[in-house]
Amino acid sequence: MPFSQLAAVRHRLAVGQPLPFNVLDADETLLLARGQRVQSCEQMEALFTRGALVDLAELRSPRELIAQAAPQQLPQLWNQCLEQVGQTLQQGAHEGFAQALDEVGAPVHALIERDPDLAIFQVLSRDANAHTQYGVDHSVHTAITAFLVAQRLGWDEAARHTVFKVGLTMNLAMLELQGELAEQTTPLTPGQRAAIHSHPQRSVDMLRLAGITAPDWLDGVADHHETADGRGYPQAKRDVNDFAALVHRADIYTAKLSPRRTRAAM
């Protein structure tokens with residue numbers, strides 16, 4: 001099994017960000033697992049000094065790995081990739097959040113393009129008891145659906161990636177509340193109604209604090225509950241960008257597919 005010195009791929013590493021591959025000690029035993037974080041420059045330099053290694057197979061791009069994977073490997077790859085996306089969302093917006101989303105989103109894009117039917121299966125196949133994970137799962141399923149529709153509509157790669165990120169982050173400010181509501185059997189409280197009404201703008205605020213400035217992405221999140229008849233929220237706007245309009249429809253569609261404590265999936 002061929003290896004590379006970790007120092008040779010230092011350009012793919014960042015302090016405080018999830019490792020994109022397993023890091024092995026000089027004797028080829030596991031030192032740090034993919035997804036763990038190196039917390040300081042000193043720790044990073046110590047890894048280089050001790051001769052840490054990385055498996056060359058893990059240095060292939062996600063697109064290369066997925067393109068070369070056997071069909072029977074794809075379900076497991078889906079599970080791994082969606083788990084990484086979920087973990088990134090649950091960590092919340094932070095410095096480097098945009099880069100982290102790009103890194104975990106790239107293999108999902110490749111999986112969708114490799115087998116669109118299997119992508120549809122991720123949206124339709126559900127654990128009826130996973131209500132507490134509802135917020136993350138719903139965002140992921142909305143993003144996959146929006147990407148698939150954008151692909152069918154012939155949107156270019158940049159637009160497909162943008163609408164995917166809008167779907168992932170549309171509910172960033174209320175992921176935990178969504179899990180609670182999926183379990184709740186009583187009517188919404190005034191506080192919950194206020195949180196729901198304000199979540200588009202609060203999600204945008206979180207993205208801005210994380211350094212995200214892309215207008216299409218931010219506007220898509222801000223307006224994903226607006227409707228052409230002016231009856232949406234929070235601003236009752238009639239004119240929204242295509243990213244918000246598509247995510248709005250994907251959001252409704254996937255919500256109806258999702259089971260709640262008070263009803264089965266539609």
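Up top is the structure these notes are about.
Residues numbered from 1 in each chain as written. Predicted model: local features only at pLDDT ≥ 70, side-chain atom pairs only at ≥ 80, totals over all residues. Heavy atoms only, no water.

Topic: the overall build of the chain
Argument step 1. From N to C terminus, the chain includes 11 helices and 4 strands.
Argument step 2. Here the C-alpha atoms of the chain give a radius of gyration of 20 Å, agreeing with the 18 Å that 2.2 N^0.38 yields for 266 residues.
Argument step 3. With the C-alpha coordinates of the chain rotated into their principal frame, the extents come out at 60 × 40 × 35 Å.
Argument step 4. Buried residues in the chain amount to 45% of all 266 residues.
Argument step 5. Put simply, of all contacts in the chain between residues at least 6 apart along the chain, 65% involve residues at least 24 apart.
Argument step 6. Summing over all exposed atoms, the chain offers an accessible surface of approximately 13,500 Å²; the carbon and sulfur share of this is 52%.
Argument step 7. Side-chain charges in the chain split into 23 positive and 31 negative, and the spacing between the mean points of these groups amounts to 7 Å. (Helix = DSSP H or I, 4+ residues; strand = E, 2+ residues; numbered from the N terminus. Rg over C-alpha atoms; globule rule 2.2 N^0.38 Å. Buried < 20%, exposed > 50% of the residue type's maximum accessible area, 1.4 Å probe, protein only. Contact = heavy atoms within 4.5 Å. Areas by Shrake-Rupley, 256 points an atom, 1.4 Å probe, with all protein chains shown as cover. Lys, Arg positive; Asp, Glu negative; His and termini not counted. Charge placed at Lys NZ, Arg CZ, Asp CG, Glu CD.)

Let's talk about the pattern of salt bridges
Argument step 1. Tallied over the full model, the rule gives 7 salt bridges.
Argument step 2. Arg10 is paired through a salt bridge with Glu45; the nearest N and O atoms lie 3.6 Å apart. With Arg10 in the loop between strand E1 (3-5) and strand E2 (23-24) and Glu45 in helix H1 (residues 41-49), this residue pair connects regions lying 35 residues apart in the sequence.
Argument step 3. Its salt-bridge partner being Arg34, residue Glu58 comes within 2.5 Å of it at the nearest N-O pair. Of this pair, Glu58 sits in the loop between strand E4 (53-55) and helix H2 (62-68) while Arg34 sits in the loop between strand E3 (30-32) and H1, placing them 24 residues apart in sequence. (Salt bridge = Lys/Arg side-chain N within 4 Å of Asp/Glu carboxyl O.)

Description of the nonpolar core
Argument step 1. Ranked by internal contacts, the top residues of the largest apolar core, which has 48 residues, are Trp78, Leu89, Val108 and Ile144.
Argument step 2. When contributions to this core are tallied by element, the ones reaching two or more residues are helix H3 (74-90), helix H4 (97-114), helix H5 (116-124), helix H6 (134-153), helix H7 (157-169), helix H9 (190-209), helix H10 (215-222) and helix H11 (242-257).
Argument step 3. Counting residues per element, this core draws most heavily on H6, at 8 residues.
Argument step 4. Excluding its chain neighbours within four sequence positions, the residues that come into contact with Leu89 are Phe97, Leu101, Val136, Ser139, Val140, Leu168, Leu172 and Leu175.
Argument step 5. Counting 14 residues, the second largest nonpolar core, distinct from the first, contains Val9, Leu13, Met44 and Val54. (Core = buried A, V, L, I, M, F, W, Y, C linked by side-chain atoms within 4.5 Å.)

Digging into the packing of aromatic side chains
We describe a pair of aromatic rings using the distance from one ring centre to the other and the angle between the two ring planes.
Argument step 1. Taken as a whole and judged by the stated rule, the model has 2 aromatic pairs.
Argument step 2. On the numbers, 6.1 Å between centres and 85° between planes, the contact of Phe147 with Phe164 is edge-to-face. Linking Phe147 in helix H6 with Phe164 in helix H7, this pair joins segments that are 17 residues apart in sequence.
Argument step 3. Relative to Phe243, the ring of Trp155 lies with its centre 5.6 Å away and its plane at 80°, an arrangement referred to as edge-to-face. Of the two residues, Trp155 is situated in the loop between H6 and H7 and Phe243 in helix H11; the sequence distance between them amounts to 88 residues. Taken as a pair, Trp155 and Phe243 share a single burial class, namely buried. (Phe/Tyr/Trp six-rings, centres within 6.5 Å; stacked < 30°, edge-to-face > 60°.)

A look at the packing of H6 against H7
Argument step 1. At a minimum axis distance of 7 Å, the contact between H6 and H7 shows a crossing angle of 160°. Considering the angle they form, H6 stands roughly antiparallel to H7. The interaxial crossing formed by H6 with H7 has right-handed handedness. Along its contact with H6, which presents Ser139, Val140, Thr142, Ala143, Ile144, Ala146, Phe147, Ala150 and Gln151, the element H7 presents Arg160, His161, Val163, Phe164, Gly167 and Leu168.
Argument step 2. Split into classes, the residues belonging to the contact of H6 with H7 amount to 9 nonpolar, 5 polar and 1 charged. (Axes fitted to C-alpha atoms, helices over the stretch in contact; angles between N-to-C directions. Parallel < 35°, antiparallel > 145°, perpendicular 65-115°, else oblique. Left-handed = near helix turned anticlockwise from the far one by under 90°. Nonpolar A, V, L, I, M, F, W, Y, C, P; charged D, E, K, R; others polar.)

Description of the side chain of Glu58
Argument step 1. Residue classification places Glu58 among the buried positions, given a relative accessible area of 17%.
Argument step 2. Of note is the side chain of Glu58, whose polar atom sits 2.5 Å from the side chain of Arg34.
Argument step 3. Excluding its chain neighbours within four sequence positions, the residues that come into contact with Glu58 are Phe21, Asn22 and Arg34. (Polar contact = N/O pair within 3.5 Å; in protein donor to acceptor, adjacent residues only side chain to side chain.)

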